[in-house]
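# Observations on chain architecture
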Amino acid sequence: MARDDEQMNCLMVIFGATGDLTSRKLVPALYRLEAKDLLPDGFQVVAAARKEYSKEQYLAHIRDKYEAYNQESLEENIWNKLADRWHYLPLEFGNTDDYLKLKQKLEGLEKDLGNNGNRLFYLAVSPQYFETIARQMKAHDITKREQGWQRLMIEKPFGRDAASARELNQSLRQVFEEEELFRIDHYLVKEMVQNLMTLRAANQIFEPTWNADHIDHVQIISTEKDGVGTRGGYYDQAGALRDMVQNHMLQMLALSAMEMPDFLTAEKLRAEKVKILKSLVPFHSAEMEKRLVLGQYEGYREEPRVAAASSTETFAALKVFLKHPRWKGVPFYLKTGKGLAEKNARIVIQYKLPIGSWSLAETHQELIPNRLTIQIQPREGVVLSFNTKKPGTEDILMPVKMDFCQNCLAVTNTPEAYEKLLMEAMKGERASFTHWDEVEASWTWIEGVISWAESHPEALRVYQMGSEGPEGVERLMSPNEGREWL
Ligand SMILES: NC(=O)c1ccc[n+]([C@@H]2O[C@H](COP(=O)([O-])OP(=O)(O)OC[C@H]3O[C@@H](n4cnc5c(N)ncnc54)[C@H](OP(=O)(O)O)[C@@H]3O)[C@@H](O)[C@H]2O)c1
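Summary of the structure given here.

### Some remarks on the overall build of the protein
Along its length, the protein carries 14 helices and 16 strands. For the protein, the C-alpha radius of gyration of 24 Å lies close to 23 Å, the compact-globule estimate for 486 residues. Dimensions of the protein, computed from C-alpha atoms along their principal axes, come out at roughly 85 × 50 × 40 Å. In the protein, which comprises 486 residues, the share counted as buried stands at 55%. Taking contacts inside the protein between residues at least 6 apart in sequence as the whole, the part at least 24 apart equals 77%. Working note: accessible area of the protein is about 22,200 Å², and carbon and sulfur atoms make up 50% of it.

And the structure:
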């Protein structure tokens, strides 16, 4: 990550600046960027939320939270440098007068700083306020001005289904152009998700075999050990299909399956990802048994702010096909959930077995299929499994692994997702944000699955906290085809 003051200098306005997301993600990311001297000199933050804090009270609040959530202790000089950049403005989202105060605050700061008018707005708020805030900003002329850029960073969820996402998009588009909307999918800035494209583009051994002729199936897995914790109110309305599959899982699928564009520009990437998302084969009700497994961890209904009779899924596994010549007949298995055995995200590309292997028939040995595993978190790395001959006089097979662990290297200091997201938004780089066309295509496909799930609560299976998920998840794989969850 490099800094370019001229391009990045801006005022950042955080709506919802006393909330969980700001404390957990934005403040630590800005602190680390400050520590690395990556924030431009003219960068300042206007934190806006409902509480009537003074600047000092607000800074004490975010400092307390930082210290509660982060193991590393604060370096006083870095914190002070960052604190000097912050302002706090009490603002009620529906109150017109408060936006006038915001407008004056921004204009005053820009005058004092001699800033060129660039503004980065961040909606760290519940989605019910997205439209109100955008409308108020437009009404008070906080967005369109004579000079400088304006950008809006927006958190998930972007809608609850295709219709509500479309409606939200239309309202936002009355205020911002598509190029000004930075829809966050933090998986897209994860180091190994980005590395997936490099692996494909920069290694001749992978791309020519990246198709149905050579690949048996793909597994995309993102599991969490924890339950919903304090986020039950949000999660109970969403569930795994909306919270994870519609966005992160389908984005990873699109990046794994797309044609590699000749240049990794935002436009070209989007075009290729959209082709994949539009090629997702719909699930028919009659085949749900073979395509979908839903679960809920035991004890979920007792979590704070979760309905006592909730039928929200905390686990989803899907077997997906693409109507795409490159992937004819190749299943993509997606698995995600909370309250599972481990925190883990990875993409596994399992190759087909070689045809007619020499001496194997005589020795009755079994080949292990080649597997390319892209480990996303917590370990970041690439593992390639293949077969070799066991040293000795007999022809005995030995499966081995080449294992590259990226975040084990002492020289690697992987930036956190929100550091990259903020830097990229300040620079106007859009490749790691989702375009409306991608959001629309993924909602269009998944809403059929969600509406089936909502009308079939009996399909939900309870699983033990800390287990591998509900019974039946293995039935999505065909053991006689040499497949198993990895
Ligand atoms: N938390 C996470 O880790 C996380 C992760 C991914 C996405 N998200 C998304 O990020 C967004 C924010 O989540 P969050 O967990 O940070 O929510 P939160 O903790 O409930 O914070 C909400 C913020 O909005 C402010 N607010 C609420 N109503 C307001 C009003 N009428 N006028 C002015 N301010 C108001 C609150 O201010 P006061 O405190 O002053 O009332 C607070 O600063 C949501 O869309 C969520 O889905 C969160």
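### Focus: the state of the cysteines
In the structure shown here, the tally under the stated rule is 1 disulfide. Shown here is the disulfide that connects C405 with C408, its sulfur atoms set 1.9 Å apart. Classification of the bridge connecting C405 and C408 rests on its S-S torsion, roughly 75°, and on that basis the disulfide is right-handed. Note on C405: relative accessible area 9%, which makes it buried.

### Digging into the layout of surface pockets
The space that makes up the second largest pocket amounts to roughly 300 Å³. Lining the second largest pocket are 15 residues, with Q194, M197, L264, A431 and S432 positioned closest to its centre. Put simply, the parts of the chain that give the lining of the second largest pocket at least two residues each are α8 (191-202), α10 (266-278) and α13 (417-427). The dominant element in the lining of the second largest pocket, judged by the number of residues it contributes, is α8, at 4 residues. Tallied by class, residues from the lining of the second largest pocket come to 6 nonpolar, 3 polar and 6 charged.

### Digging into the sheet that holds strand β10 (residues 332-337)
Sheet strands pair by backbone hydrogen bonding; their relative direction is either parallel or antiparallel. Judged by pairing direction, the sheet is mixed, and its 9 strands sit side by side in the order β14-β13-β12-β11-β7-β10-β9-β8-β16 without closing on themselves. Lying at the two open borders of the sheet, with one neighbouring strand each, are β14 (397-405) and β16 (460-463). On average, each strand axis in the sheet is tilted by 15° relative to the strand beside it, whichever way the strands run. Sheet topology places strand β8 (residues 292-297) next to strand β9 (residues 315-320); 4 bridges connect them, and they run antiparallel. When the bridges of β9 are listed, G295 appears paired with F315. The strands that α8 touches are β11 (344-351), β12 (371-377) and β13 (381-389); relative to β12, the one it contacts most, it runs at about 150°.

### Thoughts on the pattern of salt bridges
Where side chains of opposite charge bring their charged atoms close, a pairing between them can arise. For the structure on display, the rule yields 31 salt bridges. For K338, the salt bridge is made with E224, and the minimal N-O distance between the two is 3.3 Å. Taken together, the residues span a long stretch of sequence, with K338 in the loop between β10 and β11 and E224 in the loop between β7 (215-223) and α9 (232-257) at a distance of 114 residues. Since its relative accessible area comes to 25%, E224 is described here as partly exposed. Where R270 meets E267, a salt bridge forms, and the shortest distance between an N and an O atom there is 2.5 Å. Pair noted here: R270 and E267 are both in helix α10, with a separation of 3 residues, about one helical turn. On the basis of relative accessibility, which here comes to 16%, the residue R270 falls in the buried class. A relative accessible area of 47% places E267 in the partly exposed class. Overlapping salt bridges, with partners in common, bring together E34, D37, K81 and R85 in one network.

### Some points on the packing of α9 against α10
Where α9 meets α10, the closest approach of the two axes is 9 Å, and the angle between their N-to-C directions is 105°. Judged by the angle between their axes, α9 and α10 are roughly perpendicular. Here L250, Q251, L253, A254, L255 and A257 of α9 come into contact with α10, specifically with L269, K273, I276 and L277. Looking at side-chain class alone, the contact of α9 with α10 contains 8 nonpolar, 1 polar and 1 charged residues.

### With respect to helix α4 (residues 76-83)
Of all the positions in α4, only I78, W79, L82 and A83 are classed as buried. Down the axis of α4, the smallest arc covering the buried residues is 135°, so these residues share one side. Check the buried side of α4 and you find it contacts α2 (20-35), α3 (55-69) and β3 (86-90).

### A few points about unusual backbone geometry
The step from K156 to P157 runs through a cis peptide bond, and the omega angle for that step is 5°. The topology assignment puts P157 in the loop between β5 (150-154) and α7 (162-173). Cis peptide bonds are those with omega within 30 degrees of zero, and the linkage from Q377 to P378 qualifies with 0°. Residue position: P378 is located in the loop between β12 and β13. Despite not being glycine, D37 has its phi angle at roughly 60°, a positive value. Notably, R305 is not glycine yet its phi reads approximately 65°, a positive angle. By the element assignment, R305 lies in the loop between β8 and β9.

The rules behind each value
Residues numbered from 1 in each chain as written. Predicted model: local features only at pLDDT ≥ 70, side-chain atom pairs only at ≥ 80, totals over all residues. Heavy atoms only, no water. Helix = DSSP H or I, 4+ residues; strand = E, 2+ residues; numbered from the N terminus. Rg over C-alpha atoms; globule rule 2.2 N^0.38 Å. Buried < 20%, exposed > 50% of the residue type's maximum accessible area, 1.4 Å probe, protein only. Contact = heavy atoms within 4.5 Å. Areas by Shrake-Rupley, 256 points an atom, 1.4 Å probe, with all protein chains shown as cover. Disulfide = S-S within 2.5 Å. 1 Å grid on protein atoms, 1.4 Å probe; cavity = no way out; pocket = protein on both sides within 12 Å on 5 of 7 lines; lining within 4 Å. Points joined across faces, edges and corners; volume = space filled by probe spheres on them. Nonpolar A, V, L, I, M, F, W, Y, C, P; charged D, E, K, R; others polar. Pairing = 2+ DSSP bridges. Axes fitted to C-alpha atoms, helices over the stretch in contact; angles between N-to-C directions. Salt bridge = Lys/Arg side-chain N within 4 Å of Asp/Glu carboxyl O. Parallel < 35°, antiparallel > 145°, perpendicular 65-115°, else oblique. Arc of directions from axis to C-beta.

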